Amino acid sequence: EKVFYTIHYGVITGGEATLDIKREYIEGKELWHATMDSRTTGMADVLFKVLDIYETFIDPSTELPVKSIRNANEGRYHRYNVNIFDRKTRSDSTIVQSNLSGNHVTPLGIHDIISCFYYFRNNHLPNISKNKPGDVISMTTWFTDELYPIRMKYITTEVVKTKAGKFLCHKFNPVTEVGRLFKTQEDVSFWFSADKNFLPVKIRFDIFVGAFTVDMVSYEGTVYPMEIITK
């Protein structure tokens, strides 16, 4: 599965992103290799160049991460962080081995930011009919070398128009921390297609300086046909 996006700041297109997952074999073991990358384009690339690449290798039997890589390049900021998830040494927890900060004892079923995303799609969204608006789905991840809770608040279903077509979508607001970037706890929104793929169709960030949107422009390799609204 591979999804392509454009990134907009208001009416200005300032970047591109892709979300990709495929099977790979490492030392004879099958893993899911998920990659998310985003990059500036055009004038935005001249003013403030960004190239962020996140990679995660996931054990398909548990849907938990084995290894994650964060390669962030944002202007003068550069960060290369590799985490190995050791789930064998301790029976009651996971040891995360970071190339930057050493070893950390974390909860047993800890996710990283990418594996959490796919786990949410595979295990929570298929049961979304059991949820009502306002319900919150909580998960714990390891991100930027610290525990990072994810709380997805279910909002509603609504139609979203993209360059790839119109789709009925489930809308969620990840609960955000008010402060440096966000004015309220609901300043980020995700829309997932309300079919069997639960494809991420759109993301919106409302921050102090304006709104950024990430819009799907095309997709390939979905397990099921996408349910496009034709009227």
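Data block above holds the structure.
This is a predicted model, so every value here is computed, not measured.

J.: Help me understand the overall build of the protein chain in this model?
T.: Within the protein chain, the regular secondary structure consists of 2 helices and 15 strands. For the C-alpha atoms alone, the extent of the protein chain along its principal axes is close to 55 × 45 × 35 Å. Counting every position in the protein chain, which comprises 231 residues, the buried fraction comes to 43%. For the protein chain, restricting intrachain contacts to residue pairs at least 6 apart in sequence, the fraction spanning at least 24 positions comes to 41%. For the protein chain, the computed accessible surface area is about 12,700 Å², with 55% contributed by carbon and sulfur atoms. Computed over 28 positive and 28 negative side-chain charges, the separation of the two mean positions in the protein chain equals 4 Å.

J.: Please clarify how the side chain of Thr162 should be interpreted in this entry.
T.: For Thr162, the position within the fold is in strand 11 (residues 146-162). Within the structure, the side chain of Thr162 is placed 3.0 Å from the backbone nitrogen of Ala164, a separation counted as a polar contact. Here Gly165 takes part through its backbone oxygen, which lies 2.8 Å from a polar atom of the side chain of Thr162. Setting aside chain neighbours within four positions, we find Thr162 in contact with Phe167, Val201 and Met216.

J.: Is there a simple way to explain the pattern of salt bridges in this structure?
T.: Pairing of side chains with opposite charge becomes possible as their charged atoms draw close. What the rule picks out here adds up to 8 salt bridges. For Asp45, the salt bridge is made with Lys49, and the minimal N-O distance between the two is 3.4 Å. Using a relative accessible area of 25% as the deciding quantity, one classes Asp45 as partly exposed. A salt bridge links Lys132 to Asp135, with the nearest nitrogen and oxygen atoms 3.4 Å apart. Here Lys132 falls in the exposed class, since its relative accessible area comes to 53%. Bridged by salt links that share partners, the residues Glu16, Asp37 and Arg39 form one connected network.

How each quantity is defined
Along each chain, residues carry numbers from 1 onward, in the same order as the chain's sequence is written. This being a predicted model, a pLDDT of at least 70 is required before a residue's local features are given, and a value of 80 or more before pairs of side-chain atoms are given or counted; all residues contribute to the totals for chains, interfaces and linings. For the side-chain quantities, the full set of heavy atoms in the structure was used; hydrogens and water were omitted. Under the scheme used here, helices are H or I runs from DSSP no shorter than 4 residues and strands are E runs no shorter than 2 residues, and both carry numbers assigned from the N terminus. With a 1.4 Å probe rolled over the protein chains alone, any residue whose accessible area is under 20% of its type maximum counts as buried; one over 50% counts as exposed, and the rest are partly exposed. Here a residue-residue contact requires only that any non-hydrogen atoms of the pair lie within 4.5 Å. A 1.4 Å probe and the Shrake-Rupley method give the accessible areas. Residues count as covered only by the protein chains that appear here. Positive: Lys, Arg. Negative: Asp, Glu. His and the chain ends are not part of the count. Where a charge sits is defined by one atom per residue type, namely NZ (Lys), CZ (Arg), CG (Asp) or CD (Glu). Any pair of N or O atoms that falls within 3.5 Å is considered a polar contact. Within protein, one atom must be able to donate a hydrogen and the other to accept it, and sequence-neighbouring residues count only if both atoms are side-chain atoms. Any carboxyl oxygen of Asp or Glu that lies within 4 Å of a side-chain nitrogen of Lys or Arg is treated as forming a salt bridge with it.

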